[in-house]
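Now for the letters of each chain:
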Amino acid sequence: MAHISEVNVQAAAVPPTEIEVKLRRQRRISATLRYGLLVIVGLIMIYPLIWMIGASFKTNAEMFSSAGFWPKEPTIQGYIDGWKTSTPYTFGHFFLNSLWIVLPKVIGTAISCTLVAYGFARFDFPGKKILFVTVIATLLLPNVVTRIPQYLLFRELGWLDSFLPLWVPSAFAGDAFFVFMVIQFLRAIPRDMEEAARVDGASTLQTLIYIVVPMLAPAIISVCLFQFMWTMNDFLGPLIYISSVENYPVSLALKLSIDTTEAFNWNQILAMSVLTLTPSLIVFFMAQKYFIEGISSGGVKG
Amino acid sequence: MAELQLKSLVKTYGNGFKAVHGIDLDVKEGEFMVLVGPSGCAKSTTLRMIAGLETITGGEVRIGDRVVNDLVPGKRGIAMVFQNYALYPHMKVRRNLGFGLQLRRTPKDQIEAATNEVSGVLEIEELLDRLPKQLSGGQAQRVALGRALIKQPEVFLFDEPLSNLDAKLRASMRVRITDLHQRLRQEGRPATVVYVTHDQVEAMTMGDRICVMKDGYIMQVADPETLYERPANAFVAGFIGMPEMNLFPAVLTREGNIPCLTADGQTIKVTDGLSHRITTGDGPVTFGIRPQQLHVVAPGTDGAFTATISHIEFMGHEINLHVRLGDAQLVAVVPTDSFDTHFARGDRVGLRPSGSHVHLFDAETGENVSLGQGSN
Amino acid sequence: MAELQLKSLVKTYGNGFKAVHGIDLDVKEGEFMVLVGPSGCAKSTTLRMIAGLETITGGEVRIGDRVVNDLVPGKRGIAMVFQNYALYPHMKVRRNLGFGLQLRRTPKDQIEAATNEVSGVLEIEELLDRLPKQLSGGQAQRVALGRALIKQPEVFLFDEPLSNLDAKLRASMRVRITDLHQRLRQEGRPATVVYVTHDQVEAMTMGDRICVMKDGYIMQVADPETLYERPANAFVAGFIGMPEMNLFPAVLTREGNIPCLTADGQTIKVTDGLSHRITTGDGPVTFGIRPQQLHVVAPGTDGAFTATISHIEFMGHEINLHVRLGDAQLVAVVPTDSFDTHFARGDRVGLRPSGSHVHLFDAETGENVSLGQGSN
Amino acid sequence: ADLRMSWWGGDSRHVATQEALKVCGEKYGHTISPEFTGWSGHFEKLTTQIAGGTEADIMQVNWPWLSIYSARGDGLADLNEFSDIIDLSNWGEAELADGSMKGKLNGLSVSTTGRLFVFNKITWAKAGLELPKTWDDLIAAGPVFAEKLGEDYYPFEAAALDASLIMTLYGTQKTGKPLIDPATNEISWTKDELVDAIGFYKTLVDNHVIIPWKKVAAAGNLPLHENPNWSSGKIGGTYQWDSTYFKISDPLQEGQELAYVDLLSQDGQKTPGIYRKASMVFSISKNSENQEAAAQIVNCLLNEPEGVAALGSTRGVPASKAARQQLLDADAIKPIQIEAQARVLDAEGPGIHPMMEFPDVRSALQDNLELFAYGEIDAETAADEMIYAIEEALEDIKS
Amino acid sequence: MGGDSKFLGLWYVAPYVIGLLLFTAFPFVASFFLSFTDYDLLSRPEWVGTKNYEKLFTRDRTFDKSLKVTLIYVFTTVPLKLTFALFIAVVLNYRLKAINLFRTAYYVPSILGGSIAIAVLWRYIFADTGLVNMMIEGFGGDPINWFGEPANALFTITLLRCWQFGSAMVIFLAALQSVDKSLYEAAAIDGAGPWSIFRHVTLPLITPVIFFNLIMQTVQAFQEFNGPYIITQGGPLKSTYLLPLYIYDEAFKSFDMGYASAIAWVLFSIIMVLTLIAFWSSKKWVYYAGDKRS
Ligand SMILES: Nc1ncnc2c1ncn2[C@@H]1O[C@H](COP(=O)(O)OP(=O)(O)OP(=O)(O)O)[C@@H](O)[C@H]1O
Ligand SMILES: Nc1ncnc2c1ncn2[C@@H]1O[C@H](COP(=O)(O)OP(=O)(O)OP(=O)(O)O)[C@@H](O)[C@H]1O
Ligand SMILES: [Mg+2]
Ligand SMILES: [Mg+2]
């Protein structure tokens, strides 16, 4: 049963028997195959990323002459030009804008999703079933359906060209996926600790803050991370709601440099793309455990 | 400390399932009351209604002189110990202990004093700065106990606190808890306890009184000896005692004053200590006799049934002799010393019930009809 | 059915941990062999090597006349029953039973016949169309048993099959399994069984022979009586028997031919049945006596230690008397009938060990030094 | 006053425009906050803004959008009302007419652009051919390229939009009529004329003049300036807006050189058929609270020396006479740009219907030509489908 | 709990309810209303009854084509992606060293998502002289016209999405790791080989997760926009003109909001119907472990 319980036998003091040698060889072949496959697939997976980073150091002329990623004449001109941007602001300014969009949004999401998920997972109240169905239904609803009326709504509220349209829906647990994810997470946590806290004299809110939130930490962190990345990369939202350049987040600022009506500098665009993706990638690599946990809890415990 | 009263307590779950059928129970101040019964008999449901973790469908729960039905758990003056400890996983033991007091805004130094006292009593001083995951099962259970103790509640509630421990640890925790209870009583601050378990050994050894439940009804409330010697019905009789009491259908007749019992076509006279206890007329009954009171004699002996050995279990000091009497499967416990080692499966043996230990139960209601005047 | 042999079997895990230290064991054809020992002693590891679920680091496993070291589990002619049943949760009981046969491309009608036979034997006919999650623990365990039975393997392997059941069910399943084993033997197709448990009651009642393990070594292989009466060492003595044997340090001296034992400053003479068994000289030993053989007498009685009662547990037919003798905590089991009900915590009592049941163990090696000529 | 101005564009335009706004703002004492994006998404954004009444005071508007935002002339401010502020005399009649909807001047042309033929001199020289003057020259060049330079050399390229414009050009030359008549909003070609024009596309393919549609797609529909075959001179010519000169010339490899030629002609043609339009216009929001201030800025940007100097040629050769002259004098425009612009302005052709720039019409032409190019349908069917779809689109604006 | 109001939970979900009504339910209803109007964003919506739907179902050939390719796209992409994700998850599900490294690497494409650089690269890889064709020729095959052939173009987008299989795989992996190992052992003892074990034990046990992934991926696939928008612009011959692209064009290029809303609603209905069918059929093939606590 070597193929099921893969146990690496340490070279025992006893000389290996014939069987053992055979088993070991089998294992080595199977491991080689498996690693080989995984490495090849893995390379295909991350090649675009590597290519993009490499290409951002290429000259424009070289950009489209080869699919290799190693620049022949490396230059950081793209980064220099890109950072300056064509606006009165540097790219740094746009990063700050992004941050200013992202932080309240992430905080709002985390707080509202936690509250709502707690409500769904731990309480019975009239209409709960129907409301939960709407969570699922929202997950399935294509955005195009609601985009136009939403815009009209924010116009009526006078929120255009501010960050409010980006912040507020999230602060009202607007991202059904996150609510769903946290609910799934909560369902897997036994209630005893919370009951113990209630017996200890905590109110439901105190129970949430002192007991549930610490236990939910991995889920909340992964919600924050996802929201961070999605918001950093979001293009359409800011495009529609934000008009002053001063308020642009990086995604829009990046798009600014790309205009097919005149010759453009690919290395500059790619350099900025790399910069734009960097926060997300850093966040991802630092916390990949939470991403994986978050994404799998949404599905597996479902 | 206070008295606890349940009055016609009813619980119907959201799905319409009626789990508790209006039970009444008085737990006296300082009393150690054990709720015991098979799985699903609503022990936990009852306990959780007392704690306020389940809403009460009907009836009332009184603690001291307050009806607590509408109080949140934290205001009922109770403390609870859970089966899987339910320690707050992200808090050190110290904070786990102090959390309840902290919520009540007890001053820091008082919390510390209380923590120290409790951890001294439970010998968990060295554990105070550990996280729950760094504790063994027994240690975690002691911390959970401490968390209840520190609050000096009016009533302690336990829900199978020992069932996650292995046999040895369970035995020693059992002793520790009863010792603690007795000690508190001696120190003049007796603790009212409701202790849920499905383990009859725990029930017998720990409880001042035991409340045996079945399917949401109370079957009997009594002290361990009474429960063991004078079970109110066949259910309690079968539930308490190990190996369980032999219960099989028989027909009661009388020869003069002497009760005769017929089972599997065999009729025996039961001479000593039964006749004056019987409170029913002739007819079918359920015959009950504990395995330890079923003596092995030669087949055909007077006052003994003759049965066939179906299985012999060597238990060390004792032997469990499984026999077949008609359709009934009986067990007799025989000291190994006095056991005839030539017995084998299929052999016929005589089994003589000791009359003063025979119980008769109503064939239909299961009620004990041999509790007449005399003690046994 | 076939014989099973383990020859200097060694297991070293990937992390370098040596779990099994070259053990030898012969299980005869049709024999019911129980592997017992505390948690972590490598019972499962051994069993899983037999099954082929763990690779064998050294030595060999023989089933019948084949060395099976390099066969996949499916080809070893074994069947296994798991602690958590390991029923395929998505298959109905019927398919769970037939799955192994189906893989062997047994014709449909044969599978059905076999399924019917096995489910008849185990009384699970009405369960055939249920899913495992619709079964109670005992039912699931019977299905698991059926899944093993249906394959008519040469060797049955069990890994703590009953430990997920409650006490009552465990007792009845225990009987059921041994009955089944005996029945197969009578029907002329004896089943070779290796049964892993950490529960000594199971070991004692089920095994033809018992193999007691500790830390990857075999401590003793013997039939239940021998194990109980003549444990090879202190470990086996303490492990087998309930409540466990009292073991405490004492010093052996002799007064003439009569062995004297000193503990807690008290010296007693042990007159009957010990002297001729002792195979060691004077000096420190570990004194062993089972709780049932420690008789309560008046304090100061000859041949009795005087100790202090620390706790009294009412067990129904018996009473466990916990006493303190110096640093040692001893237990005496007293029949309830003969128990003096005035005893209370803190009282002094005399405890007289019955000489023919005293065991002495080497203070260092733990080896039994009282196994001399005579039986006890 | 505090104003906002929005536009799309690339980096150089962004920089120049912001500079110009600063200069003009200082001149008139206004502050203008800029709102700019790249091309893609700008239409959506501007439209949603106008729909929401939140558009900037001054807007750079694509010419065909005028009829979307202001079909009845009332969607945007009428610049005629500011003729005292804006010097309209810098524009010709036709240019002002282009920017007017129902008589209201909704947008001032910033620059004019037209489609021109541009060829790679070097490649043609390698093939030993003169730059073509007629379609026949071009068609004759196909086999020569293939033979002399190799199968992967083509004298010309046209796919997607370019192909449909070539088709329209050919038909316009032949019939002397635009495909859609701006005056009547009707299709002015007969079906046979359309069939003929569609067939012309096939002639080009069959003669190895252009790369077949399918093969263009296979390369990933690369825009010309990203296409290595263009950079290396394997594609000998193209039909592009004159304003794209730098975009298409920049990627050329060392040693390649471009030259504009007059529109290719055919025997018996009725018009050279120039496809010319305002490339973009400046409009003022009808919701603006400071329309006059906005008008001042518009005038400054388009006519006054400070603004013109700051903007330079980042929006092509200015349509305003004053501005053009100023830039010419300052040598701020490259000779080749001037030459191209001259060709655009000098050539003749019927007026263009704004619908020709609409997605519905464009896709009607393009999609069916594509089907034809793929051999899915014959020219007759393609013509039928085109007519059907265009008429349906026209239906919408008539109502 | 005793003493708690039964409306307590409502307070906690109140933010969601408000958000739902304001930002989802209202726009949702509004767009339904819009689908019965002629609305160009600039003038007031004009009620036209079912005209939009009539056009959609009777005269609009683009819609027919678009619907067809959308269905083809969904029904190829989803199974391919899930199969691949499952396959890799199974390969990864051994006690491999560096499993986290692989898992992370495989997840990266899911993060890069719609980056422009990726689209450019994709055009590179699948261009007629691109990497893929170079490899095919290297193995002696004929180069494939990826973007030019209508039949192939859609497939390149499918491949792009399959490339982003990371999140589905991670979910599969988690499910695989939660399968009770003793079931594998029981099957091995029953004589099952690796394939039988996979087929008869693993697969049935992870059906809930397969189902979850199936639904999520299907919904996602129906909303595919970026891929065709950036890589093929819907061509050639509209063979990659997926419905969301069509909706976008109608809404934001032709500014026919009413018509766009109508298409959006048709798309939504299709997703809903398919989802319901999936839920209904799941009773037959999805095995759910009993949930002890409701
Ligand atoms: N939330 C609930 N909804 C519906 N029925 C429930 C619920 N909780 C428990 N029950 C049912 O109520 C009955 C009593 O359950 P309870 O948990 O009180 O039993 P118990 O005596 O504690 O059993 P155990 O020894 O297994 O813990 C059972 O039949 C159970 O199935
Ligand atoms: N895969 C493994 N890698 C390393 N060590 C292991 C592994 N499996 C078991 N062990 C160790 O081997 C020893 C024997 O384990 P095994 O499971 O056989 O014990 P056991 O007797 O079955 O115990 P239990 O009664 O708890 O089941 C233990 O110390 C255990 O920690
Ligand atoms: Mg319970
Ligand atoms: Mg084990």
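What counts, and where the lines are drawn
Residues numbered from 1 in each chain as written. Chains lettered and ligands numbered in written order. Predicted model: local features only at pLDDT ≥ 70, side-chain atom pairs only at ≥ 80, totals over all residues. Heavy atoms only, no water. UniProt positions renumbered as here; feature names shortened; annotations may be inferred. Patch = residues over 30% accessible without salt bridge, like charges linked within 9 Å, V, L, I, M, F, W, Y side chains within 5 Å. Areas by Shrake-Rupley, 256 points an atom, 1.4 Å probe, with all protein chains shown as cover. Salt bridge = Lys/Arg side-chain N within 4 Å of Asp/Glu carboxyl O. Lys, Arg positive; Asp, Glu negative; His and termini not counted. Charge placed at Lys NZ, Arg CZ, Asp CG, Glu CD. Helix = DSSP H or I, 4+ residues; strand = E, 2+ residues; numbered from the N terminus. Contact = heavy atoms within 4.5 Å. Buried area = accessible area lost by both parts, 1.4 Å probe. Polar contact = N/O pair within 3.5 Å; in protein donor to acceptor, adjacent residues only side chain to side chain. Nonpolar A, V, L, I, M, F, W, Y, C, P; charged D, E, K, R; others polar. Pairing = 2+ DSSP bridges. Axes fitted to C-alpha atoms, helices over the stretch in contact; angles between N-to-C directions. Expected span 1.5 Å × (residues − 1). Bend = angle between axes of the 7 residues up to and from the residue. Buried < 20%, exposed > 50% of the residue type's maximum accessible area, 1.4 Å probe, protein only. Parallel < 35°, antiparallel > 145°, perpendicular 65-115°, else oblique. Left-handed = near helix turned anticlockwise from the far one by under 90°. Disulfide = S-S within 2.5 Å. Near = heavy atom within 4 Å. pLDDT = per-residue confidence, 0-100.

The name an unreviewed UniProt entry gives chain E is Oligogalacturonide transport system permease protein, with Aliiruegeria lutimaris as the organism. The record in UniProt for chain E states the following under Subcellular location (unreviewed entry): "Cell membrane".

An unreviewed UniProt entry annotates chain A as Oligogalacturonide transport system permease protein originating from Aliiruegeria lutimaris. As recorded by UniProt, the Sequence similarities (unreviewed entry) comment attached to chain A reads in full: "Belongs to the binding-protein-dependent transport system permease family." Quoted verbatim from the Subcellular location (unreviewed entry) field of the UniProt record, the comment on chain A reads "Cell membrane".

Caption draft 1: Region of interest: a negative patch on the surface. Together, D360, E391, E395 and D396 of chain D together with D38 and E46 of chain E make up a region of like negative charge exposed at the surface. Along the chain, the position of D396 of chain D falls in helix α17 (residues 379–398).

Caption draft 2: The UniProt feature "transmembrane region" (unreviewed entry) in chain E, seen in detail. Residues and elements named next belong to chain E. When the UniProt feature table is mapped onto this chain, "transmembrane region" (unreviewed entry) is found at residues 12–36, 71–92, 104–125, 153–176, 197–216 and 259–280. The span residues 71–92 is 100% helix and 0% strand, and its two end C-alpha atoms sit 31 Å from each other. From the first C-alpha to the last, residues 259–280 spans 31 Å; its make-up is 100% helix and 0% strand.

Caption draft 3: Quick peek at the environment of F156 of chain B. On the secondary structure map, F156 of chain B appears in strand β7 (residues 155–159). Distance from F156 of chain B to L145 of chain B, taken between C-alpha atoms, is 9.6 Å for residues 11 residues apart in sequence.

Caption draft 4: Looking closely at the interface of chain A and chain E. Of the residues lining the interface, 81 residues belong to chain A; the matching set on chain E comes to 84 residues. When the area that chain A buries against chain E is broken down by residue, the three leading residues are L38, M45 and L140 of chain A, summing to 10%. In this assembly, chain A and chain E are joined by zero salt bridges. Remark: the boundary between chain A and chain E carries six residue pairs in polar contact (both at pLDDT 80 or more). Top contributing element to the side of chain A that touches chain E by residue count: helix α1 (residues 18–55) of chain A, with 14 residues. Per-class residue counts for the side of chain A that touches chain E are 58 nonpolar, 17 polar and six charged.

Caption draft 5: Structural detail: the sheet that holds strand β4 (residues 58–63) of chain C. Residues and elements named next belong to chain C. The strand order across the open sheet built from four strands is β2-β1-β4-β5, with neighbouring strands paired in antiparallel fashion. The outermost strands of the open sheet, each flanked by one partner alone, are β2 (18–27) and β5 (66–67). In this fold helix α1 (residues 43–51) packs onto β1 (4–12), β2 and β4, with an angle of close to 115° to the strand it touches most, β1.

Caption draft 6: View of helix α13 (residues 266–286) of chain A. All names here are of chain A. Taking 1.5 Å per residue, 21 residues should reach 30 Å; α13 reaches 29 Å between its end C-alpha atoms and fits that length. When the local axis directions of α13 are compared, the greatest deviation, roughly 40°, occurs at T278, which is followed within four positions by the proline P279. Burial within α13 is extensive, with 16 of its 21 residues counted as buried.

Caption draft 7: Just the interface of chain E and chain D, in detail. Taken residue by residue, the interface counts 25 residues in chain E and 28 residues in chain D. For the chain E and chain D pair, buried surface summed over both sides reaches about 2200 Å², with 55% attributable to carbon and sulfur atoms. Among the residues chain E hides against chain D, the three largest losses belong to L42, R123 and L237 of chain E. Together they make up 27% of the total. Where chain E meets chain D, there are four salt bridges. As a salt-bridge pair, E149 of chain E and K214 of chain D come within 2.6 Å of each other at their nearest N and O atoms. Where chain E packs against chain D, one counts five residue pairs in polar contact (both at pLDDT 80 or more). Secondary-structure elements contributing two or more residues to the side of chain E that touches chain D are α2 (51–59), α5 (116–126) and α13 (243–253) of chain E. Partitioned by chemical class, the residues of the side of chain E that touches chain D number 12 nonpolar, five polar and eight charged.

Caption draft 8: Representation of the packing of helix α4 (residues 137–149) of chain C against helix α5 (residues 167–186) of chain C within the structure. Residue and element names in this part refer to chain C. Running from amino to carboxyl end, α4 crosses α5 at an angle of 20°, the nearest separation of the two axes being 11 Å. Regarding the angle of α4 to α5, the classification is roughly parallel. Where α4 crosses over α5, the two elements pack in a sense that is right-handed. On α5, the residues that touch G137, G138, Q141, R142, L145 and L149 of α4 are L169, M173, R176, I177, L180 and L184. By residue class, the composition of the contact of α4 with α5 is seven nonpolar, three polar and two charged.

Caption draft 9: Summary view of the state of the cysteines. Residue and element names in this part refer to chain D. On inspection of all chains with the given rule, the structure shows one disulfide over all chains. A sulfur-sulfur separation of 1.9 Å characterises the disulfide bridge that pairs C24 with C300. Here the disulfide of C24 and C300 is left-handed, its torsion about the S-S bond being about -80°. Taken together, the residues span a long stretch of sequence, with C24 in helix α1 (residues 11–28) and C300 in helix α12 (residues 291–302) at a distance of 276 residues. Neither residue differs from the other here; C24 and C300 are each classed as buried.

Caption draft 10: Just the site of ligand 1, in detail. All names here are of chain B. By nearness alone, every residue bordering ligand 1 is listed as Y13, N15, F17, A19, S39, G40, C41, A42, K43, S44, T45 and E160. Measuring from an oxygen atom of ligand 1, one finds a side-chain N or O atom of E160 at 3.2 Å. Relative to its unbound accessible surface of 630 Å², ligand 1 loses 63% to contact with the protein. Here the shell around ligand 1 gets three residues from one element, more than from any other, and that element is helix α1 (residues 43–51).

Caption draft 11: Local environment of the confidence of the model for chain A. Residue and element names in this part refer to chain A. For chain A, mean pLDDT is 79; residues scoring 70 or higher make up 84% of the total. The least confident element of chain A, judged by mean pLDDT, is helix α14 (residues 288–300) at 68; the most confident is helix α4 (residues 91–122) at 93. Below pLDDT 50 for its whole length, residues 1–14 participates in 32 contacts with residues either more than four positions away or in separate chains.

Caption draft 12: The arrangement of the site of ligand 2 in detail. Residues and elements named next belong to chain C. The environment of ligand 2 is made up of Y13, N15, F17, A19, S39, G40, C41, A42, K43, S44, T45 and E160. Within the backbone of C41, one N or O atom sits 3.2 Å away from an oxygen atom of ligand 2. In this structure, S44 approaches ligand 2 through a side-chain N or O atom, which is 2.5 Å from an oxygen atom. Contact with the protein chains hides 64% of the accessible area of ligand 2, taken as 630 Å² for the molecule alone. If you tally residues by element for the shell around ligand 2, the top one is α1, at three residues. Here the shell around ligand 2 is built from residues that sort into five nonpolar, five polar and two charged.

Caption draft 13: How the structure looks around the pattern of salt bridges. Across all of its chains, the model carries 57 salt bridges over all chains by this definition. Across the pair R48 of chain C and E54 of chain C runs a salt bridge whose closest N-O atoms are separated by 3.3 Å. In this pair, the class of R48 of chain C matches that of E54 of chain C, namely buried. R343 of chain D serves as the salt-bridge partner of D262 of chain D, at 3.0 Å between the closest nitrogen and oxygen. Within this pair, whereas D262 of chain D is found in the loop between β10 (258–261) and β11 (276–284), its partner R343 of chain D is found in helix α15 (residues 335–346), the two being separated by 81 residues in sequence. Salt bridges here are not isolated pairs; linked through shared partners, they connect E195 of chain A together with K11, R48 and E54 of chain B.

Caption draft 14: How the structure looks around the pairing of strand β11 (residues 246–255) of chain C. Residue and element names in this part refer to chain C. By the bridge criterion, seven bridges tie β11 to strand β14 (residues 283–289) in an arrangement that is antiparallel. Note on β14: the bridge partner recorded for L247 is G288. Between β11 and the antiparallel strand that follows it, strand β12 (residues 258–263), lie two residues; G256 among them carries a positive phi value of about 70°.

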